[in-house]
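For reference, the chains in residue letters:
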Amino acid sequence: MNRHVLSILVENQAGVLSRVTALFSRRGYNISSLSVDVTENAERSRITVVVFCDDLIIEQIKKQVEKLIDVVRVVELAPERAVFRELALIKVSANADNRPKIISIVDIFRANVIDVASETVTIEITGDQSKIAAFVALMEDYGIKEIVRTGLTGLCRGNNPMRKHKDVD
């Protein structure tokens, strides 16, 4: 099974997300990652879905998603033609002795310390999944208290906005 990233442009209407995710669950496919928000046009939202399945299955899923009410366009984002990012907030145990070491690792990864408390620091990091995994692995030595991740999101590279593929303005 391969990782597939679908970018789904939808009308910004109640129930659209529920219909899209229900399609996956009815077919027995687990959504590995999901992110949703409004686009540059307030009447439209973009849903980014990551699913692991066979290549033939993803073609069927794309066709079925395109048939759903309020779905404007479905594009599979290929790794070589897209950029992907994820955001993670990580709360790490920190005391006076290890705080400088943690901050130096934060700097190397171009992350940001966004909260400091007497016994913890909270770090914001963005990047691809491998960058975040590497950072988390280093922070485990200090004691991770909490992690929250946004899920993967992505866009086509270059002058290739999704709306150009089909008249959706």
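Residues numbered from 1 in each chain as written. Predicted model: local features only at pLDDT ≥ 70, side-chain atom pairs only at ≥ 80, totals over all residues. Heavy atoms only, no water.

**Student:** Even after reading the chapter, I still don't get the state of the cysteines, so can you show me in this structure?
**Tutor:** Any covalent bond linking the sulfur atoms of two cysteines counts as a disulfide. Inspection of the entire model under this criterion finds zero disulfides. The closest cysteine sulfur to the non-disulfide-bonded C53 is located on C156, 18 Å from its own sulfur. The buried category is assigned to C53, whose relative accessible area is 0%. (Disulfide = S-S within 2.5 Å. Buried < 20%, exposed > 50% of the residue type's maximum accessible area, 1.4 Å probe, protein only.)

**Student:** How should the pattern of salt bridges be read in this particular structure?
**Tutor:** As a working rule, side chains carrying opposite charge can pair if their charged atoms are close by. Within the structure shown, the criterion is met by seven salt bridges. The closest approach of N and O atoms between K62 and E76, which form a salt bridge, is 3.6 Å. Here K62 is found in helix α2 (residues 55-66), whereas its partner E76 is found in strand β4 (residues 71-76), with 14 residues between them in sequence. Residue K91 pairs with E146 through a salt bridge whose shortest N-O separation is 3.2 Å. Of this pair, K91 sits in strand β5 (residues 82-93) while E146 is found in strand β8 (residues 144-149), placing the two residues 55 residues apart along the sequence. Each of E59, K62 and E76 takes part in a single network of salt bridges with overlapping partners. (Salt bridge = Lys/Arg side-chain N within 4 Å of Asp/Glu carboxyl O. Helix = DSSP H or I, 4+ residues; strand = E, 2+ residues; numbered from the N terminus.)

**Student:** How do you make sense of the packing of aromatic side chains when you look at a structure like this?
**Tutor:** The geometry of an aromatic ring pair is captured by the separation of the ring centres together with the interplanar angle, meaning the angle of the planes. A full pass over the atoms with the stated rule returns one aromatic pair. For the pair F109 and F135, a centre-to-centre distance of 5.2 Å together with 70° between the ring planes defines the contact as edge-to-face. One end of the pair, F109, is in the loop between α3 (99-108) and β6 (112-116); the other, F135, is in helix α4 (residues 129-139), and 26 residues separate them in sequence. Note on F109: relative accessible area 17%, which makes it buried. Accessibility expressed as a relative area gives 0% for F135, which makes it buried. The aromatic ring of F84 is capped on one face by R3, whose charged end is 5.4 Å from the ring centroid. (Phe/Tyr/Trp six-rings, centres within 6.5 Å; stacked < 30°, edge-to-face > 60°. Lys NZ or Arg CZ within 6 Å of the ring centre and 35° of its normal.)

**Student:** How should the pairing of strand β2 (residues 31-38) be read in this particular structure?
**Tutor:** The two faces of a sheet get side chains in turn, since along a regular strand they alternate between them. As paired strands, β2 and strand β3 (residues 44-53) are joined by seven bridges and run antiparallel to one another. Within β3, the position partnered with D37 by the bridge is R46. Here β2 folds back onto β3 in antiparallel fashion, the turn holding five residues. (Pairing = 2+ DSSP bridges.)

**Student:** Explanation requested: the pairing of β5 in the structure shown.
**Tutor:** Where β5 lies against strand β9 (residues 153-156), four bridges are found, and the strand directions are antiparallel. Each bridged residue has a counterpart across the sheet, and for R85 the counterpart in β9 is T153. Note: β5 against strand β7 (residues 120-127), eight bridges, orientation antiparallel. Its bridge partner being in β7, E86 is matched across the sheet by G127. Two strands pair when backbone bridges link them, and β5 and β8 are joined in this way by five bridges, in the antiparallel orientation. Of the residues in β8, the one forming a bridge with L89 is V148.

**Student:** Just checking my understanding: could you explain the packing of α3 against α4 for this structure?
**Tutor:** α4 packs onto α3 with a crossing angle of 170° between their chain directions and a minimal axis gap of 11 Å. Overall, the two elements α3 and α4 adopt an arrangement that is roughly antiparallel. Contacts from I102, I105 and V106 of α3 reach α4 at F135, L138 and M139. (Axes fitted to C-alpha atoms, helices over the stretch in contact; angles between N-to-C directions. Parallel < 35°, antiparallel > 145°, perpendicular 65-115°, else oblique. Contact = heavy atoms within 4.5 Å.)

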